[in-house]
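Structural overview for review
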Amino acid sequence: MAYGSDAWTRLALTSGAGRDAVDPDDELVRRAGAGDAAAVQALVAAKLRRVLALAERMLGDASEAEDVAQETFFRVWRHAARWRPGGARFDTWLHRVTLNLCYDRLRRRRERPVAEPPETPDPGPAPDRGLHAMDTGRRVQAALQALPPRQREAIVLCHYQELGNIEAAALMGVSVEALESLLSRGRRALKSALADLARPD
Amino acid sequence: MMTEERFLTLVGAYGADPQRWPLGERAAATAFLDANPELVAACLEAEAALDAVLAAHLTRDPSAAFRGRLVGAAPRQRAVGRTWRWLAGAGLGLGLAASCAAGVAAGFTLAPASVSRLFEPATGQSSSLADPVGDVSAS
């Protein structure tokens, strides 16, 4: 699948792909596009964490994820005034823009190999999160990064972002069967990489 | 109808939590699970263990400063629109005021002649106002 973000953006702004009901985000995006400060705040509050989590799990790097999230929102602001209800769901469009930016960075990494792998993100201090959970989180992050990108994308979209299988498949430009194949292979690889942690009781 | 093969495919792709199973197959898969608990127990346990480990991977909340940067970068078209609307309104107001002033001035200019015309005798001759250079009466 081609990842030309501009082309996809134009398509998403005008097509009904992935739309099966009224999009609850339409009104918010329309108001944000008109410069409504409250709508801008609400849109950031509703979507930023989701965009950041998607980018962080795709890239395995919190700093790069923040750059991607920033660029994603800059694009949202550029396109919000032209947003037309009845096209793609806003959340789907937002995921595609974020993924395109992630793939741009992954491609650049391949072209310019770095001496050290990206730093594993530090989840930060939290009273309800023990050392064991932090270690497990880092292990999962490393295992996710070791997956082929398309398997990682499928798992991040379905498991972490909790998209439906039809929406995720449409977003990835594959059939539901192909999506399930990517998911199954990804989960098998994760089970193998995390075998010491993912033991049934 | 849900088969054992399809059930195992579903669990292998989406994990052990029925909430993650495709909506269209969830009821059939749950019914299959209820009817065949031993048949799928091992597979479900392995997938549930992986789900539990994956849940340990958390991401950071965005900082307030980062949120603020994004909000600050949003367009403020409404403020610009208000300025333009104010300017347009002010221009319209000035135009109306100028028109009124012109009307009043014209009224003052024309008033004496108009009034005098009202008091002219109906002689059938053109008044100097109606024929200022006398062309009509000369012909």
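Residues numbered from 1 in each chain as written. Chains lettered and ligands numbered in written order. Predicted model: local features only at pLDDT ≥ 70, side-chain atom pairs only at ≥ 80, totals over all residues.

**Describing the overall build of chain B**
Our working rule: Strands are runs of DSSP state E lasting at least two residues, helices are runs of H or I lasting at least four, and both sets are numbered from the N terminus onward. Whether a residue is buried, exposed or partly exposed follows from its count of other C-beta atoms within 10 Å of its own C-beta, namely 20 or more, 12 or fewer, or something in between, respectively; the C-beta atoms are built from the backbone. By definition, residues are in contact whenever their C-beta atoms, placed on the basis of the backbone, come within 7 Å of each other.
Regarding its fold elements, chain B presents 6 helices and 0 strands. In sequence order, the secondary structure elements of chain B are arranged as α-α-α-α-α-α. Looking at chain B as a whole, 13% of its 139 residues are labelled buried. Here the analysis covers contacts within chain B between residues at least 6 apart in sequence; of these, 50% occur between residues at least 24 apart.

**What to know about the overall build of chain A**
Of the regular secondary structure elements, chain A holds 9 helices and 0 strands. Walking chain A from its N terminus toward its C terminus, one meets helices and strands in the order α-α-α-α-α-α-α-α-α. Scored against the burial criterion, the 201 residues of chain A give a buried share of 42%. Taking contacts inside chain A between residues at least 6 apart in sequence as the whole, the part at least 24 apart equals 72%.

**Some words on the confidence of the model for chain A**
Residues and elements named next belong to chain A. So the rule is basically this: Scored from 0 to 100, pLDDT records how confident the predictor is in each individual residue.
In the predicted model, chain A carries a mean pLDDT of 85, and 79% of its residues have values of at least 70. Taken as a whole, residues 1–19 scores under 50 in pLDDT and shows 36 contacts with residues more than four places along the chain or in a different chain. Here residues 122–127 scores under 50 on pLDDT; set against residues more than four positions off or in separate chains, the count is 6 contacts.

**So, the packing of helix α7 (residues 149–160) of chain A against helix α9 (residues 176–193) of chain A**
All names here are of chain A. To be explicit about the condition: For helices, the fitted axis covers only the stretch in contact; all axes are lines through C-alpha atoms, and the angles between them, taken along N-to-C directions, range from 0 to 180 degrees. Orientation categories follow fixed angle ranges, with anything under 35 degrees roughly parallel, anything over 145 roughly antiparallel, 65 to 115 roughly perpendicular, and all other angles oblique.
As a packed pair, α7 and α9 sit with axes 8 Å apart at the nearest point and diverge in direction by 95 degrees. By the angle class used here, α7 and α9 are roughly perpendicular. Residue-level contacts link Arg-150, Gln-151, Arg-152, Ala-154, Ile-155 and Cys-158 of α7 to Leu-179, Leu-182, Leu-183, Arg-185, Gly-186 and Ala-189 of α9.

**Looking at the nonpolar core**
As a reminder of what qualifies: Buried Ala, Val, Leu, Ile, Met, Phe, Trp, Tyr and Cys residues whose C-beta atoms connect them within 7 Å together make up a nonpolar core.
By size, the foremost hydrophobic cluster in this structure holds 52 residues, and its most contacted members are Ala-55, Ala-69, Ala-154, Cys-158, Ala-168 and Leu-183 of chain A. Secondary-structure elements contributing two or more residues to this core are α2 (26–33), α3 (37–59), α4 (62–80), α5 (90–111), α7, α8 (165–172) and α9 of chain A together with α1 (4–14) of chain B. Sort the elements by how many residues they give to this core and α3 of chain A lands first, with 11 residues. Sequence-distant contacts of Ala-69 of chain A, defined by excluding residues within four places in its chain, comprise Leu-48, Val-51, Leu-52 and Ala-55 of chain A. Core analysis: the second largest hydrophobic core is formed by 11 residues, Leu-144 and Ala-198 of chain A together with Val-53 and Ala-56 of chain B among them.

**Quick notes on the domain arrangement of chain A**
Residues and elements named next belong to chain A. The test is simple: Where a domain begins and ends is set by an automatic assignment or by a domain database. Residue type decides the class: Asp, Glu, Lys and Arg count as charged, Ala, Val, Leu, Ile, Met, Phe, Trp, Tyr, Cys and Pro as nonpolar, and the leftover types, Gly among them, as polar.
Examined at the domain level, chain A breaks down into domain 1 (1–121) and domain 2 (124–201). With 16 residues of domain 1 at the interface, the matching set in domain 2 holds 16 residues. Every element with two or more residues in the side of domain 1 that touches domain 2 is listed here: α3 and α5. Of the residues belonging to the side of domain 1 that touches domain 2, the class tally is 8 nonpolar, 5 polar and 3 charged.

**What about the interface of chain B and chain A?**
With 31 residues of chain B at the contact, the number on the chain A side is 43 residues. Contributing elements (two or more residues each) for the side of chain B that touches chain A: α1, α3 (37–54), α4 (64–73) and α5 (77–118) of chain B. Across the side of chain B that touches chain A, the residue classes tally to 19 nonpolar, 6 polar and 6 charged.

**A short note on α3 of chain B**
Residue and element names in this part refer to chain B. Where we set the bar: Here a helix's expected span is defined as the number of its residues, less one, multiplied by 1.5 Å. By definition, a residue's bend is the angle between the axes fitted to the seven residues ending there and the seven starting there.
Over its 18 residues, α3 runs 24 Å from end to end, which matches the ideal 26 Å to within 8%, given 1.5 Å per residue. At Cys-43, α3 shows its maximal kink, close to 35 degrees. Within α3, burial applies to Glu-47, Leu-50, Val-53 and Leu-54.

**A word on the packing of α1 of chain B against α3 of chain B**
Residues and elements named next belong to chain B. α3 packs onto α1 with a crossing angle of 10 degrees between their chain directions and a minimal axis gap of 10 Å. It follows that α1 is roughly parallel to α3 by the angle criterion. Facing Glu-4, Phe-7, Leu-8 and Val-11 of α1, the residues of α3 in contact are Leu-39, Val-40, Cys-43, Leu-44 and Glu-47. In terms of residue class, the contact of α1 with α3 is made up of 7 nonpolar, no polar and 2 charged.

**Focus: unusual backbone geometry**
Residues and elements named next belong to chain A. Positive phi values are uncommon outside glycine, yet Glu-162 reaches one of about 55 degrees. Here Glu-162 lies in the loop between α7 and α8. A tally of 11 C-beta atoms within 10 Å means that Glu-162 is categorised as exposed.

**Some thoughts on the environment of Gly-164 of chain A**
Relative to the assigned elements, Gly-164 of chain A resides in the loop between α7 and α8. On the neighbour-count criterion, Gly-164 of chain A (17 C-beta atoms within 10 Å) is partly exposed.

**Comments concerning the confidence of the model for chain B**
All names here are of chain B. Taken over all residues, the pLDDT of chain B has a mean of 73, while the share at 70 or more is 55%. Predicted confidence in chain B is weakest over helix α6 (residues 135–138), with a mean pLDDT of 30, and strongest over α1, with 97. Long-range and interchain partners of residues 107–139, a stretch whose pLDDT sits below 50, account for 9 contacts in this model, where long-range means more than four residues apart. Reported confidence for the predicted complex is 0.81 by ipTM and 0.73 by pTM.

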